[in-house]
Amino acid sequence: MTVADDPKPRALVDVAGLREAIAQFARERDWEPFHSPKNLAMALTGEVGELVELFQWLTEDASREVARDAVTARRVRDEMADVLIYLVRLAAVLEVDLDDAVRSKLAANARRYPIEKARGNANKATQP
């Protein structure tokens, strides 16, 4: 049985507390007018770019070791937090249930990448 087929599914993504904390943070600063989907998506993209920058030019092996250096690990952690914050805020503004979205996407990916064809193969599927 796959996660998508579970008749009594447990939450895969439970961000209710985070969603409310971010909303409160924005409310207290009167930032809601600035949190349009366009602006949030652009901010999310910027934060992903900052995360990617930390890995730019590293070898594959060096990229696996970033968490061993305290300074780099902290920077990666901070950028990952920024990405998550903007993603959760964007989902809240668009009223997207992230748990449902992830569950649906995992089911679609399971169909697109069946185990017998995808195991050990990093090639992208040719059709959606």
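Look above for the structure.
As a starting point, this report considers the structure included with it.

Side note on the overall build of the protein
Okay, step 1: What the protein contains, in helices and strands, is 6 helices and 0 strands.
Okay, step 2: Element order for the protein, N to C, with α for helix and β for strand: α-α-α-α-α-α.
Okay, step 3: The C-alpha radius of gyration of the protein comes to 18 Å, more than 25% above the 14 Å expected for a compact globule of 128 residues.
Okay, step 4: Seen along its three principal axes, the alpha-carbon backbone of the protein occupies a region of about 50 × 40 × 25 Å.
Okay, step 5: Counting only residues that meet the buried cut, the protein has 19% of its 128 residues in that class.
Okay, step 6: In the protein, the share of contacts with a sequence separation of at least 24, taken over all contacts with a separation of at least 6, comes to 66%.
Okay, step 7: Within the structure as shown, the protein displays about 9,900 Å² of accessible surface, and the carbon and sulfur contribution to it stands at 56%.
Okay, step 8: Distance between charge centroids for the protein: 5 Å, based on 19 positive and 22 negative side chains.

Some details on the environment of Ala125
Okay, step 1: Position of Ala125 among the secondary structure elements: in the segment after α6 (115-118).
Okay, step 2: In this structure, the C-alpha to C-alpha distance between Ala125 and Tyr113, residues 12 residues apart in sequence, is 7.0 Å.
Okay, step 3: Contact partners of Ala125, with chain neighbours within four places excluded, come to Arg112 and Tyr113.

Section: the side chain of Arg103
Okay, step 1: Here Arg103 is to be found in helix α5 (residues 98-112).
Okay, step 2: Among the polar contacts listed, one links the side chain of Arg103 to the backbone oxygen of Arg10, at a separation of 2.6 Å.

With respect to helix α2 (residues 37-55)
Okay, step 1: Across its 19 residues, α2 extends 27 Å between first and last C-alpha, which sits within 8% of the 27 Å expected from 1.5 Å per residue.
Okay, step 2: Buried residues of α2: Leu40, Leu44, Glu47, Leu51 and Leu54, and no others. For α2, the buried positions fall inside an angular range of 70 degrees around the axis, keeping them on one side. Exposed residues on α2 whose side chains face more than 90 degrees from its buried face are Lys38, Met42, Thr45, Val52 and Glu53.
Okay, step 3: At the exit of α2 stands Trp57, carrying a positive phi of roughly 75 degrees.

So, the layout of surface pockets
Okay, step 1: Volume-wise, the largest pocket comes out at about 200 Å³.
Okay, step 2: Ile22, Phe25, Ala26, Trp31, His35, Leu40, Asp82, Ile85, Tyr86 and Arg89 together form the lining of the largest pocket.
Okay, step 3: At the level of elements, α1 (16-28) and α4 (70-94) are the ones that each hand at least two residues to the lining of the largest pocket.
Okay, step 4: Residue composition of the lining of the largest pocket, grouped by class: 7 nonpolar, 1 polar and 2 charged.

Description of the pattern of salt bridges
Here the idea is simple: oppositely charged side chains can pair when their charged atoms come close.
Okay, step 1: Scanning the model with the defined rule gives 6 salt bridges in all.
Okay, step 2: Its salt-bridge partner being Glu20, residue Arg27 comes within 2.8 Å of it at the nearest N-O pair.
Okay, step 3: The exposure class assigned to Arg27 is partly exposed, which follows from its relative accessible area of 41%.
Okay, step 4: One salt bridge in this structure joins Asp99 and Arg103, with 3.6 Å as the shortest N-O distance. In this pair, Asp99 and Arg103 are both assigned in helix α5, 4 residues apart and thus about one turn of the helix distant.
Okay, step 5: Relative accessible area serves as the criterion here: at 16%, Asp99 is assigned to the buried category.

Each value, and the rule that gives it
Residues numbered from 1 in each chain as written. Predicted model: local features only at pLDDT ≥ 70, side-chain atom pairs only at ≥ 80, totals over all residues. Heavy atoms only, no water. Helix = DSSP H or I, 4+ residues; strand = E, 2+ residues; numbered from the N terminus. Rg over C-alpha atoms; globule rule 2.2 N^0.38 Å. Buried < 20%, exposed > 50% of the residue type's maximum accessible area, 1.4 Å probe, protein only. Contact = heavy atoms within 4.5 Å. Areas by Shrake-Rupley, 256 points an atom, 1.4 Å probe, with all protein chains shown as cover. Lys, Arg positive; Asp, Glu negative; His and termini not counted. Charge placed at Lys NZ, Arg CZ, Asp CG, Glu CD. Polar contact = N/O pair within 3.5 Å; in protein donor to acceptor, adjacent residues only side chain to side chain. Expected span 1.5 Å × (residues − 1). Arc of directions from axis to C-beta. 1 Å grid on protein atoms, 1.4 Å probe; cavity = no way out; pocket = protein on both sides within 12 Å on 5 of 7 lines; lining within 4 Å. Points joined across faces, edges and corners; volume = space filled by probe spheres on them. Nonpolar A, V, L, I, M, F, W, Y, C, P; charged D, E, K, R; others polar. Salt bridge = Lys/Arg side-chain N within 4 Å of Asp/Glu carboxyl O.

Spatial relationships are all this shows, so hold off on functional conclusions.
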